[in-house]
Amino acid sequence: SIPVALPKTSSSPQALKQNIILTVRKDGTLLVNKTAVTLETVGNQLAYAMRDNAQDVVVVNADGSAGYGLVVRVMDQAKRIGVRKFALATKAGQ
C-alpha cells in the first residue's frame, strides 16, 4: 500500500484488490498501482495495467493535500485511454 493522507468521509467503500489504483501524492508523485509514472506516461501505464484486468474502474487514491488541478489532469489522461469509471478512495472518520 502506498501511504497517502486520504480525505475522511462518514462512509468509505473498500477498494477491491484487483482494482487499478492511481495514486497522487501531495508532492505530485504519480503511481499506477505501485509503478511510478509522470503525467505524460500515466495513460500508457494505465492502458498496460488495464490490459490484463477485467475491472473497468480506476480507484483514485489522491492525498488530501494534492493539488486539485493535478488530480483533474491525471483523470483526464485516464479518460483519453478509455477509463470511464472512477472511484475516489477515502478513509472512514470525521
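In what follows, the accompanying structure is described. (Residues numbered from 1 in each chain as written. Predicted model: local features only at pLDDT ≥ 70, side-chain atom pairs only at ≥ 80, totals over all residues. Heavy atoms only, no water.)

Pairing is mixed across the open sheet formed by five strands, whose spatial order is β4-β3-β2-β5-β6. Edge strands, defined here as strands with exactly one partner in the open sheet, are β4 (35-37) and β6 (85-88). Going across the sheet, the axis of each strand differs from the next one's by a mean of 30°, ignoring polarity. In terms of strand pairing, strand β2 (residues 20-24) meets strand β3 (residues 30-32) through three bridges, oriented antiparallel. In the strand pairing of β3, T23 is matched with L31. Contacts between helix α1 (residues 42-51) and the sheet are confined to β2, β3, β4 and β5 (57-62), with β2 contributing the most and set at about 160° to the helix. (Pairing = 2+ DSSP bridges. Helix = DSSP H or I, 4+ residues; strand = E, 2+ residues; numbered from the N terminus. Axes fitted to C-alpha atoms, helices over the stretch in contact; angles between N-to-C directions. Contact = heavy atoms within 4.5 Å.)

Attention shifts here to the layout of surface pockets. What the second largest pocket holds in volume is close to 230 Å³. Lining the second largest pocket are 14 residues, with V60, A62, Y68, V71 and L88 sitting closest to its centre. Of all the elements, helix α2 (residues 68-80) adds the most residues to the lining of the second largest pocket, at four residues. In terms of residue class, the lining of the second largest pocket is made up of ten nonpolar, three polar and one charged. (1 Å grid on protein atoms, 1.4 Å probe; cavity = no way out; pocket = protein on both sides within 12 Å on 5 of 7 lines; lining within 4 Å. Points joined across faces, edges and corners; volume = space filled by probe spheres on them. Nonpolar A, V, L, I, M, F, W, Y, C, P; charged D, E, K, R; others polar.)

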